[in-house]
Amino acid sequence: MNWEAVLAPYKQVVEELKVKLRGMRSQYELESSHSPIEFVTGRVKPIQSIIEKAELRNISLDDIDSEIQDIAGVRVVCQFVEDIYTIINMLQTRNDFTIIEEKDYITNKKASGYRSYHMIIEYPVATIHGQKMVLAEIQIRTLAMNFWATNEHSLNYKYEGRLPGEVRSRLERAAEAAFKLDEEMSKIRNEIHEAQRLFRRK
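Residues numbered from 1 in each chain as written. Predicted model: local features only at pLDDT ≥ 70, side-chain atom pairs only at ≥ 80, totals over all residues. Heavy atoms only, no water.

The subject of this paragraph is the sheet that holds strand S1 (residues 39-44). Taken in spatial order, the five strands of this open sheet run S1-S2-S5-S4-S3, and their pairing is mixed. Lying at the two open borders of the sheet, with one neighbouring strand each, are S1 and strand S3 (98-104). If you compare each strand with its neighbour and ignore which way they point, the axes differ by 25° on average. Examined bridge by bridge, strand S2 (residues 72-78) and strand S5 (residues 130-142) share seven bridges and lie parallel to one another. (Pairing = 2+ DSSP bridges. Helix = DSSP H or I, 4+ residues; strand = E, 2+ residues; numbered from the N terminus. Axes fitted to C-alpha atoms, helices over the stretch in contact; angles between N-to-C directions.)

Looking now at the layout of surface pockets. A water-sized probe rolled over the atoms picks out the places where empty space is left. Looking at the largest pocket, its volume works out to about 1,400 Å³. Around the largest pocket sit 34 residues that line it, and Arg43, Lys45, Lys53, Asp70 and His153 are the ones nearest its centre. Contributing elements (two or more residues each) for the lining of the largest pocket: S1, helix H2 (47-56), S2, S5 and helix H5 (143-158). When the residues that make up the lining of the largest pocket are grouped by side-chain class, the tally is eight nonpolar, twelve polar and 14 charged. (1 Å grid on protein atoms, 1.4 Å probe; cavity = no way out; pocket = protein on both sides within 12 Å on 5 of 7 lines; lining within 4 Å. Points joined across faces, edges and corners; volume = space filled by probe spheres on them. Nonpolar A, V, L, I, M, F, W, Y, C, P; charged D, E, K, R; others polar.)

Tracing the backbone shows Thr142 in strand S5. Reaching out from Thr142, the side chain makes a polar contact with the side chain of Asp182 at a distance of 2.7 Å. Among residues more than four places away in sequence, those in contact with Thr142 are Val77, Cys78, Gln79, Phe80, Val81, Ile84 and Asp182. (Polar contact = N/O pair within 3.5 Å; in protein donor to acceptor, adjacent residues only side chain to side chain. Contact = heavy atoms within 4.5 Å.)

Attention shifts here to the pattern of salt bridges. Per the stated rule, a full pass over the model turns up twelve salt bridges. A salt bridge links Glu176 to Arg115, with the nearest nitrogen and oxygen atoms 3.4 Å apart. Of this pair, Glu176 sits in helix H6 (residues 165-187) while Arg115 sits in the loop between S3 and strand S4 (117-127), placing them 61 residues apart in sequence. Glu176 gets classed as partly exposed once you look at its relative accessible area, which sits at 26%. Note that Lys187 and Glu184 form a salt bridge whose closest N and O atoms lie 3.3 Å from each other. On the criterion of helical spacing, the pair formed by Lys187 and Glu184 is a turn pair, its members being three residues apart in helix H6. Overall, Glu184 belongs to the partly exposed group, its relative accessible area being 47%. Connected via shared salt-bridge partners are Lys20, Arg94 and Asp96. (Salt bridge = Lys/Arg side-chain N within 4 Å of Asp/Glu carboxyl O. Buried < 20%, exposed > 50% of the residue type's maximum accessible area, 1.4 Å probe, protein only.)

Structure (structure tokens):
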């Protein structure tokens, strides 16, 4: 399999989405208003991870385009939980891609404590052979959720998905602490916005 050719459209999706989302952030900053987007990152899933996921789910490598939804992934990180829903509303009104599925792991957290909002989209990529529809995942989460999820991912990698009970319990407690932090910050977000506006004027 020519992986470079297979993954090229996914790389294009990630780069285009990053440009568009960062453009949205810049527009807010130009209007001197609070941007719901703190930062944007993106990645194409490594080849080995794609192969492992296909094997785990008994998916033929010929079918990964339609069966694996997160080969292209973009993450939008916000300051406040309210910002997540602002971004969701903005994305739902766009006409440059189609939303296939939405998963709200903020209202319905995973058993591990994981919280984030996932959108599976179908994105049109212009290729030399014509338009190709590519599946991609957009994750939207707060800074606190991102900090927790990044560390949980590292620990799962270290223990190959079999976390010791004590580590799992600590992670669950940390997830709740992160969510409480988000709740407290939301209560004083107007104060924080005002402080940020004053700081920018200086």
